[in-house]
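One-letter residues, chain by chain:
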Amino acid sequence: MPGTFRSRLRHARVHVGGTGRIGSGVILGLHAAGVGEISCNDPQLFEREQLESCVFSRPSDLGRPKVHVLERFLDGRADFAFTPIVARNQSLKVRPYLEQAHVIVSCANDLSARLYLERMAIRLGKPCVQACAQDARTAMGGLISVWVPEANCSCFGCLFPDSNQTFRRGEILLPTVTASIGALAAQIAVELLGSKPTHCAETHNLFPLDLKTHRMEAISVNPRAGCKICGKAAKR
Ligand SMILES: [Zn+2]
């Protein structure tokens, strides 16, 4: 992507997997920053409980695919292409958009879907940002991870080696927490688009947020030996 930073963003393509609160926050942040093309996928329909926290929605959006709710909101914006896909991460319909993207952002609500996107990003050699929130019943914060090719940094799979790991359902997500994580993930994606991605991830590739103490750490984690997602055997 040659040219000035602004021009680079206008010609950039980002794919976002999962358009819940964090994913939609990422999309709005990327669009506001000037990213020219965003595609996204999510198989779920928009539900009543999401009306309060998703300020871009309205009652007539109930029951529509989440990605189409965003599409309606973003319709007609200048110099911007938005492609909504009603499908899960693993769908073949999503694959061409992963191949075209300069950066992939994963905001899925289950671990296997997240790991799938991480694995695909690694196979395709694309930077991948994972953004997730903690259940407010136990903590008030979240985690953002970054993987880029050639940076020798851990991937999301290095952090969660057990792909069958299950989490307590009925989680509570605070809108201010998910908005903070979405905005920060968008900022990191913009950084990756604007500079040499390897440099970004070599410095820091893991960002745990604790919003109770208003702290964010920026740490560098090496790959885990034998990781099934980013290890040498997994890339083939
Ligand atoms: Zn790994």
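This is a predicted model, so every value here is computed, not measured. (Residues numbered from 1 in each chain as written. Predicted model: local features only at pLDDT ≥ 70, side-chain atom pairs only at ≥ 80, totals over all residues. Heavy atoms only, no water.)

S.K.: Explain the overall build of the protein chain to me, using residue names and the numbers behind them.
M.R.: Within the protein chain one finds nine helices and eight strands. The C-alpha atoms of the protein chain give 17 Å as radius of gyration, which agrees with the globular expectation for 236 residues (18 Å, within 12%). Here the protein chain holds 236 residues, and the buried ones make up 46% of them. For the protein chain, restricting intrachain contacts to residue pairs at least 6 apart in sequence, the fraction spanning at least 24 positions comes to 65%. Of the roughly 11900 Å² that the protein chain leaves accessible, carbon and sulfur atoms contribute 51%. (Helix = DSSP H or I, 4+ residues; strand = E, 2+ residues; numbered from the N terminus. Rg over C-alpha atoms; globule rule 2.2 N^0.38 Å. Buried < 20%, exposed > 50% of the residue type's maximum accessible area, 1.4 Å probe, protein only. Contact = heavy atoms within 4.5 Å. Areas by Shrake-Rupley, 256 points an atom, 1.4 Å probe, with all protein chains shown as cover.)

S.K.: Before we move on, can you summarise the packing of helix α2 (residues 21-33) against helix α3 (residues 66-74) with the specific residues and values?
M.R.: With their axes 11 Å apart at the nearest point, α2 and α3 run at an angle of 25° to one another. The angle between the axes of α2 and α3 places the two elements in the roughly parallel class. The crossing of α2 and α3 is right-handed. Where α2 approaches α3, its residues S24, I27, L28 and H31 are matched on the opposing element by L70, F73 and L74. (Axes fitted to C-alpha atoms, helices over the stretch in contact; angles between N-to-C directions. Parallel < 35°, antiparallel > 145°, perpendicular 65-115°, else oblique. Left-handed = near helix turned anticlockwise from the far one by under 90°.)

S.K.: Account for the pattern of salt bridges, with residues named and values stated.
M.R.: In total, this model carries four salt bridges according to the counting rule given. The shortest N-O distance in the salt bridge between R72 and D61 comes to 2.5 Å. Of the two residues, R72 sits in helix α3 while D61 sits in the loop between β2 (37-41) and α3, which places them 11 residues apart along the sequence. For R72, a relative accessible area of 30% gives the class partly exposed. Within this structure, D61, R64 and R72 form a network of salt bridges that share partners. (Salt bridge = Lys/Arg side-chain N within 4 Å of Asp/Glu carboxyl O.)

Just geometry here; none of it tells us what the structure is for.
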